[in-house]
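# Tertiary structure, described
The primary structure of each chain is shown beneath.
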Amino acid sequence: MTTTVPGTAEVELAIGGMTCASCAARIEKKLNRMDGVEATVNYATEKAKVSYQGGAVSVADLIATVEATGYTAAEPTPIRTGSGSGETAADETDELRPLRHRLITSVALSVPVIAMAMIPALQIEYWQWLSLTLAAPVVTYAAWPFHRAAFTNARHGAATMDTLISVGTSAAFLWSLWALFFGTAGTPGMKHAFELTISRSDGAGNIYLEAAAGVTAFILAGRYFEARSKRKAGAALKALLELGAKEVTVLRGGREQLIPTGDLQVGDRFVVRPGEKIATDGTVVEGASAVDASMLTGESVPVEVGVGDSVTGATLNAGGRLVVEATRIGSDTQLARMAKLVEDAQNGKAAAQRLADKISAVFVPIVIALALATLGFWLGSGAGLTAAFTAAVAVLIIACPCALGLATPTALMVGTGRGAQLGILIKSPEVLETTRKVDTIVLDKTGTVTTGKMTLLAVHTADGQDEAEVLRLAGALEHASEHPIAQAVAAGAAERVGALPVPEDFANIAGLGVQGIVDGHAVLVGRERLLAEWAMELPVGLERAKAEAEAAGRTAIAVAWDGEARAVLEVADAVKDTSAEAIRRLRALGLTPILLTGDNKAVADSVAREVGIDQVIAEVMPEDKVNVVKRLQAEGRSVAMVGDGVNDAAVLAQADLGLAMGTGTDAAIEAGDLTLVRGDLRAAADAIRLSRKTLGTIKSNLFWAFAYNVAALPLAASGLLNPMIAGAAMAFSSVFVVGNSLRLRGFRAAS
């Protein structure tokens, strides 16, 4: 809980029992009716963010209001950075286990019931009683969540798709029981053939067990896949917090001691060896090194640190041994504050109201009222109880939302399956609506537009020098260093000239470079200042090459041996070969690209020119990235964000549409709405095209599924559509929806 202004406090509540977006809307409406309370309920993350007057309302009052609405509420347990959350994958899987069991039960038992109803050859002498035996567990046990939700909704005077499912399946099952025990449907040898005619009948010989069982199985399948997607909503925070070091070597009493990071105190001094993560925010008190902070800042070049410099938790020590004094721990660290940014952005993103639930909210009461009116009319006209009940059941059966329930999951399954083949992962239906509205796309630089790895890009030699010899000597010396820039030079040299010799008398000069003996030559590789200390100057041509490289934002490395400067090497984060083409494709979709990076402006401008981006925002910290996106949104833009680093996790969550590069960190991938597995920026354009097409398919599915019901309802109410034909029409609408969804398999990536 955090205080915002005097007298006002904020709290986040974990909400349980929501089954659809309308549940979130109902809770939000109830909370906002309380005096001094402003609430936003997010169905996707199952959290309510509430601002309230501390003197007038307590957290207990808020929880009581939610519980009175028919749901559960509690303050969520905070997750500690670096120490693990205590929640395991097995714990999360357990949440889906009951739903999965119901789905397996319904599918296993429904398939034979549907087969016997549709194929007369399978209708053995007592097939109808076998169907009843198989369908009963489906309609009772498997469909219980729908019945329970319908009852809860009814108690609060509301109706959702759960209500329609419960009423429709119950009516079909109960009518079948009546026909079997009191009608003629239980007669041995009874056949159940389709009669595609419109005529009145008493329905005493008809059973609709296949409709009751089939609808339950189809809807449960959709709910299961929805639940799997929704369960990952909080995974961004877990992935972010897992970045922190789990254990730390602390200095106590002059001795090194390994302890859990969570036990660190402000003022403790701890050791960070090369290759280890820095445990928490602090100040260097001993040693010098290069720190790779790209995961937090987006800066592609490692930062040189020494005594007195500040370092950030979860960054990587890429060089020498450091002793750091802890200055911030726990929730005060930059990593924890970044996690808070992700959480705030996610909870502030309103969940999309499902179109099917919107329809159901109005459609369900109308259907139930129409069924009751149909029953009353036919009873009043003297048609008899059986005929009247048959017409009423036909109304409920034709309105039972099998196709409505299939509309979203089938299109989503086909669309996401095709997307996976193309290296695109769509997380949930909620993100699709946004892709239609997006007009601006913000691109991270490091690892998104560029490779994210330091690369040897160019070699400038002095007059009379051989490039291969420069690379062989410089590469040999740099190969002995652990510095990322040195490793880039070594890798580039090995690729161009082959095997490298082993240096002698190697020495690392902190902050300047390296020196040693290679094949009898005294070699220096590093900053120009290192050469100056040995009374060597760069020739005019190399000085010019160095200045041009630095103006383009690249790192210039001087090479000298035997008392003479021989070359300048250019190292930088290389632009991906496909990035320029990707920008052209994004523009063709009507999107305005913006480059947003924590790197310096010279580097950012150089990259932007190379790929064709006009607008650049550089040298921004993670908090500023979020603010940039908020500013663009305040201007009325719908913003998509593409990123791959931890520094992008919060802004991916804040953006209207987050696209995470699959080659990036788990935190970024989990915070994004779409994941581009290939790490190819061209996939961003394909992802938006596929998402828009999938959304269009879902909407057309919903329209036609609803249209079938609306067109047939008057026939059912007039008694001219028996429940058997109602079931056939419902089945046909389902077939249509599935067929329409399968067209997404033909989606092709742009060539």
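Residues numbered from 1 in each chain as written. Predicted model: local features only at pLDDT ≥ 70, side-chain atom pairs only at ≥ 80, totals over all residues. Heavy atoms only, no water.

## Some points on the overall build of the chain
The helix and strand tally for the chain stands at 26 helices and 27 strands. Counting all 751 residues of the chain, 53% fall into the buried class. Considering only residue pairs separated by 6 or more positions, the chain has 70% of its internal contacts joining residues 24 or more positions apart. Total accessible area on the chain is roughly 30,900 Å²; 56% of this is exposed by carbon and sulfur atoms. (Helix = DSSP H or I, 4+ residues; strand = E, 2+ residues; numbered from the N terminus. Buried < 20%, exposed > 50% of the residue type's maximum accessible area, 1.4 Å probe, protein only. Contact = heavy atoms within 4.5 Å. Areas by Shrake-Rupley, 256 points an atom, 1.4 Å probe, with all protein chains shown as cover.)

## Some remarks on the packing of aromatic side chains
Tallying each qualifying case throughout the model produces five aromatic pairs. With a centroid separation of 5.3 Å and 75° between ring planes, the pair formed by Trp129 and Phe181 is classed as edge-to-face. Taken together, the positions of Trp129 in helix α4 (residues 127-142) and Phe181 in helix α6 (residues 161-181) put the pair 52 residues apart, joining distant regions of the chain. The exposed category is assigned to Phe181, whose relative accessible area is 53%. Between Phe377 and Trp378 the ring centres are 5.2 Å apart and the planes differ by 80°, which places this aromatic pair in the edge-to-face class. Classification of Phe377 as exposed rests on a relative accessible area of 53%. (Phe/Tyr/Trp six-rings, centres within 6.5 Å; stacked < 30°, edge-to-face > 60°.)

## A look at the sheet that holds strand β21 (residues 555-561)
Pairing in this open sheet of six strands is antiparallel, and the strands run β17-β22-β21-β20-β19-β18 from one edge to the other. Each edge of the open sheet carries a strand with a single partner, namely β17 (450-461) and β18 (504-509). Neighbour-to-neighbour, the strand axes of the sheet open up by a mean angle of 20°, direction not taken into account. Where strand β19 (residues 513-518) meets strand β20 (residues 521-526), six bridges bridge the pair, whose relative direction is antiparallel. (Pairing = 2+ DSSP bridges. Axes fitted to C-alpha atoms, helices over the stretch in contact; angles between N-to-C directions.)

## Observations concerning helix α16 (residues 467-479)
A rise of 1.5 Å per residue sets the reference length of α16, with its 13 residues, at 18 Å; its end C-alpha atoms lie 17 Å apart and thus fit the reference within 8%. Along α16, the residues that are buried comprise Val470, Leu471, Leu473, Ala474, Gly475, Ala476, Leu477 and Glu478. (Expected span 1.5 Å × (residues − 1).)

## Some details on the pairing of strand β22 (residues 564-575)
Within a regular beta strand, the side chains point alternately toward one face of the sheet and then the other, so they alternate between its two faces. Burial of β22 is extensive: 11 of the 12 residues sit out of reach of the surface. Pairing between β17 and β22: eight bridges, direction antiparallel. Bridge pairing in β22 links His460 to Val568. With seven bridges joining them, β21 and β22 adopt antiparallel strand pairing. Directly across from Val559, in β22, lies its bridge partner Ala567. Here β21 hands over to β22 after two residues, with Asp562 in that stretch at a positive phi of 50°.

## Concerning the sheet that holds strand β9 (residues 281-286)
Read across the open sheet, the six strands follow the order β7-β6-β8-β14-β9-β12; overall the sheet is antiparallel. A single partner strand is all that each edge strand has here, and the edge strands are β7 (255-260) and β12 (310-311).

## Here's the deal with the side chain of Thr261
Within the element layout of this structure, Thr261 appears in the loop between β7 and β8 (269-272). Overall, Thr261 belongs to the buried group, its relative accessible area being 11%. Beyond its immediate chain neighbours, meaning those up to four positions away, Thr261 contacts Ala245, Lys246, Glu247, Val248 and Ala279.

## What to know about the pattern of salt bridges
Tallying each qualifying case throughout the model produces 21 salt bridges. When the shortest N-O distance is used, the salt bridge between Glu564 and Arg566 registers 3.9 Å. Residue Arg587 pairs with Asp614 through a salt bridge whose shortest N-O separation is 3.4 Å. Here Arg587 is found in helix α20 (residues 579-588), whereas its partner Asp614 is found in the loop between α21 (601-611) and β24 (615-617), with 27 residues between them in sequence. Here Asp614 falls in the exposed class, since its relative accessible area comes to 69%. Through salt bridges that share partners, Glu256, Arg273, Glu286 and Arg321 make up one connected network. (Salt bridge = Lys/Arg side-chain N within 4 Å of Asp/Glu carboxyl O.)

## Quick notes on a nonpolar patch on the surface
Taken together, the side chains of Met118, Ile119 and Leu122 present a nonpolar region at the surface, about 230 Å² in accessible area. With respect to the secondary-structure elements, Ile119 resides in the loop between α3 (89-118) and α4. Looking at Ile119, the relative accessible area reads 40%, which means it is partly exposed. (Patch = residues over 30% accessible without salt bridge, like charges linked within 9 Å, V, L, I, M, F, W, Y side chains within 5 Å.)

## Some thoughts on the packing of α16 against helix α17 (residues 484-497)
For the pair α16 and α17, interaxial distance at closest approach is 8 Å and the crossing angle is 135°. Looking at the two axes, α16 sits oblique to α17. Along this stretch, α16 crosses α17, giving a crossing that reads as left-handed. Taking contact as the criterion, the partners of Glu467, Ala468, Leu471, Arg472, Gly475, Glu478 and His479 in α16 are, on α17, Ala486, Gln487, Val489, Ala490, Ala493, Arg496 and Val497. Residue classes in the contact of α16 with α17 are distributed as seven nonpolar, three polar and four charged. (Parallel < 35°, antiparallel > 145°, perpendicular 65-115°, else oblique. Left-handed = near helix turned anticlockwise from the far one by under 90°. Nonpolar A, V, L, I, M, F, W, Y, C, P; charged D, E, K, R; others polar.)

## A few points about the confidence of the model for the chain
Predicted confidence across the chain gives a mean pLDDT of 80, with 80% of residues reaching 70 or more. Looking over the chain, one finds the lowest element-wise mean pLDDT in strand β1 (residues 2-3), namely 41, and the highest in α4, namely 94. For the stretch residues 83-92, pLDDT sits under 50, and the model shows 10 contacts to residues farther than four places along the chain or on other chains. Note that residues 348-354 has pLDDT below 50 and, in this model, 19 contacts with residues that lie over four places away or in other chains. (pLDDT = per-residue confidence, 0-100.)

## Side note on unusual backbone geometry
One non-glycine residue, Asp505, adopts positive backbone phi at about 50°. With respect to the helices and strands, the residue Asp505 is situated in strand β18. Assessed through its relative accessible area of 64%, Asp505 is described here as exposed.

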